[in-house]
Amino acid sequence: INDFYSLSFREQPIFSTRAHVFQIDPNTKKNWVPTSKHAVTVSYFYDSTRNVYRIISLDGSKAIINSTITPNMTFTKTSQKFGQWADSRANTVYGLGFSSEHHLSKFAEKFQEFKEAARLAKEKSQEKMELTSTPSQESAGGDIQSPLTPESINGTDDERATPEVTQNSEPRAEPTQNALPFTHSSTISKHWEAELATLKGNNAKLTAALLESTANVKQWKQQLAAYQEEAERLHKRVTELECVSSQANAVHTHKTELNQTIQELESTLKKKEEEIEGLKQEIDNARELQAQRDSLTQKLQEVEIRNKDLEGQLSDLEQRLEKSQNEQEAFRNNLKTLLEILDGKIFELTELRDNLAKLIECS
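As named in an unreviewed UniProt entry, the chain is Homer protein homolog 1, taken from Nipponia nippon. According to the UniProt record, the Sequence similarities (unreviewed entry) comment for the chain is "Belongs to the Homer family."

Structure follows, in structure tokens:
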């Protein structure tokens, strides 16, 4: 974790993708344990100071992957959308579930590419050590082959397929029919809010880096102008010295030194120009991220408007339901009143019939 907080100073992301992150169960060595509730960003980082490549992923402020790529690592595709690799230093096995086979293939290609780069860097380092020192026994702190190899923890075909099912179908509670649109929109809104918060944090970091880069560009431009003035002055000085024939040998020697100085200045100037081009590229990337943030903000506003519309429709439906229930209650009361009147009329007709029957019997 401490190494992660120094990323902004010495490491740069060189490839990023999104995936569900898993780790092997330390007890069973077969079952996968999800370490992220949803898909998170997984990035390759290059540490130019130590000349190493790392895979890093964060879930909020928690680092769920911090794996240094070594030449003896192997990335294995266990299904069309799931891959894994063993990290002997962390004594665990990481698994990634991707949304498509293309993303998995791209991640695997980058893993192989950076693994080869790590191997070449290690060979160069060993060659330098052999040239500068006598052969000695290798340090005991080197890479140790972990017993958790991909072959030993892959399990059966059914067990391999388990992570893919997990990352593709997260359990969700089924909402009722009336509340479905509102709940779905709220979920989308929370998702975009999380994405927007992430982009805001990245935008703040990029803005600070952009300001620092702009200041460095100005400083380098000033140095470039100074180097150009110095080169012009040296050229003029060479011309003046060439005009002095009595000091030909001294002038020739001085001219050679000045030419070397000019070549060094030109080399430095070329490097500065390359650095300026790199900074311009970083500025363009920052502008692209700004455009993405604006697009997500607009989508979030559209989702909020849709939520308000759905809330209005839900309120209207509740009012209609309440009105319908009131009308049904009034209708029931009217029916009860009519039944009571009808019972009274039937009773009167019954009495009238009885009286008529008595009159007929008496007559």
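A count of helices and strands for the chain gives 6 helices and 8 strands. Tracing the chain from N to C terminus, the helices and strands come up as α-β-β-β-β-β-β-β-β-α-α-α-α-α. Across the 363 residues in the chain, those meeting the buried criterion constitute 26%. Pairs at least 24 residues apart make up 61% of the contacts formed inside the chain by residues separated by at least 6 positions. Element-wise, carbon and sulfur atoms account for 52% of the exposed surface of the chain, whose accessible area totals about 25500 Å².

Further remarks concern the nonpolar core. Judged by nonpolar contacts, the single largest core of 22 residues is most densely connected at Tyr44, Ile55, Ile65, Trp85, Leu96 and Phe107. Looking at this core, the elements that each hand over two or more residues are strand 1 (11-24), strand 3 (40-47), strand 4 (52-59), strand 5 (62-68), strand 8 (92-97) and helix 2 (101-132). Among all residues touching leucine 96, those that are not within four sequence positions of it are Ala19, His20, Val21, Val42, Ile65, Lys81, Phe82, Gly83, Trp85 and Phe107.

Glancing now at a nonpolar patch on the surface. Residues Phe331, Leu335, Leu338 and Ile341 make up a contiguous nonpolar surface patch of roughly 410 Å² in combined accessible area. Here phenylalanine 331 is to be found in helix 6 (residues 248-362). Phenylalanine 331 gets classed as exposed once you look at its relative accessible area, which sits at 52%.

A full pass over the atoms with the stated rule returns 8 salt bridges. One salt bridge in this structure joins glutamate 116 and arginine 119, with 2.1 Å as the shortest N-O distance. You can see glutamate 116 and its partner arginine 119 sitting in helix 2, 3 residues apart, about one turn around the helix. With its nearest N and O atoms 3.6 Å apart, the salt bridge here joins arginine 293 to aspartate 294. For aspartate 294, a relative accessible area of 39% corresponds to the partly exposed category. Linked through salt bridges whose partners overlap, the residues forming this network are Glu116, Arg119 and Glu123.

By secondary structure assignment, the location of lysine 115 is in helix 2. With near-sequence residues (within four places) excluded, lysine 115 lies in contact with Ile69, Thr70, Pro71, Met73 and Thr74.

All right, on to the packing of aromatic side chains then. What the rule picks out here adds up to 14 aromatic pairs. Their ring planes at 35° and their centres at 6.3 Å tell us that tryptophan 85 and phenylalanine 107 sit as a pair that is tilted. Highlighted residues: tryptophan 85 in strand 7 (residues 82-87) and phenylalanine 107 in helix 2, separated in sequence by 22 residues. In textbook terms, an aromatic cluster arises when at least three aromatic residues are bridged by ring pairs, as seen for Phe15, Tyr44, Tyr46, Tyr53, Phe75, Trp85, Tyr94, Phe98, Phe107, Phe111 and Phe114.

Our focus in this paragraph is the side chain of lysine 110. When you line up the elements, lysine 110 lands in helix 2. What makes lysine 110 buried here is its relative accessible area of 19%. For lysine 110, the residues in contact, after removing those within four places along its chain, are Phe15 and Tyr44.

Atomic detail in the predicted coordinates should be set aside for any region of low pLDDT. Per-residue pLDDT for the chain averages 78, and the proportion of residues at 70 or more is 79%. Below a pLDDT of 50 lies the segment residues 1-9, which in the model reaches 13 contacts outside its immediate sequence neighbourhood of four places, other chains included. Counted against residues more than four places away or in other chains, residues 134-184, with its pLDDT under 50, gives 58 contacts.

Another aspect to go through is a negative patch on the surface. On the surface, a cluster of negative charge is contributed by Glu273, Glu274, Glu275 and Glu277. Looking at the element boundaries, glutamate 273 is found in helix 6. Relative accessible area serves as the criterion here: at 41%, glutamate 273 is assigned to the partly exposed category.

Take the environment of phenylalanine 22 next. Assignment of secondary structure puts phenylalanine 22 in strand 1. A C-alpha to C-alpha distance of 8.4 Å links phenylalanine 22 and valine 93, two positions 71 residues apart in sequence.

Trans is the common state for peptide bonds, and a negative phi is the common state for residues other than glycine. The backbone phi angle of lysine 29 is positive, close to 60°, even though this residue is not glycine. By the element assignment, lysine 29 lies in the loop between strand 1 and strand 2 (32-34). In this model, asparagine 51 sits at a positive phi of 60°, which is unusual for a non-glycine residue. As for its position among the elements, asparagine 51 is in the loop between strand 3 and strand 4.

Conventions adopted
- Residues numbered from 1 in each chain as written.
- Predicted model: local features only at pLDDT ≥ 70, side-chain atom pairs only at ≥ 80, totals over all residues.
- Heavy atoms only, no water.
- UniProt positions renumbered as here; feature names shortened; annotations may be inferred.
- Helix = DSSP H or I, 4+ residues; strand = E, 2+ residues; numbered from the N terminus.
- Buried < 20%, exposed > 50% of the residue type's maximum accessible area, 1.4 Å probe, protein only.
- Contact = heavy atoms within 4.5 Å.
- Areas by Shrake-Rupley, 256 points an atom, 1.4 Å probe, with all protein chains shown as cover.
- Core = buried A, V, L, I, M, F, W, Y, C linked by side-chain atoms within 4.5 Å.
- Patch = residues over 30% accessible without salt bridge, like charges linked within 9 Å, V, L, I, M, F, W, Y side chains within 5 Å.
- Salt bridge = Lys/Arg side-chain N within 4 Å of Asp/Glu carboxyl O.
- Phe/Tyr/Trp six-rings, centres within 6.5 Å; stacked < 30°, edge-to-face > 60°.
- pLDDT = per-residue confidence, 0-100.
- Lys, Arg positive; Asp, Glu negative; His and termini not counted.
- Charge placed at Lys NZ, Arg CZ, Asp CG, Glu CD.

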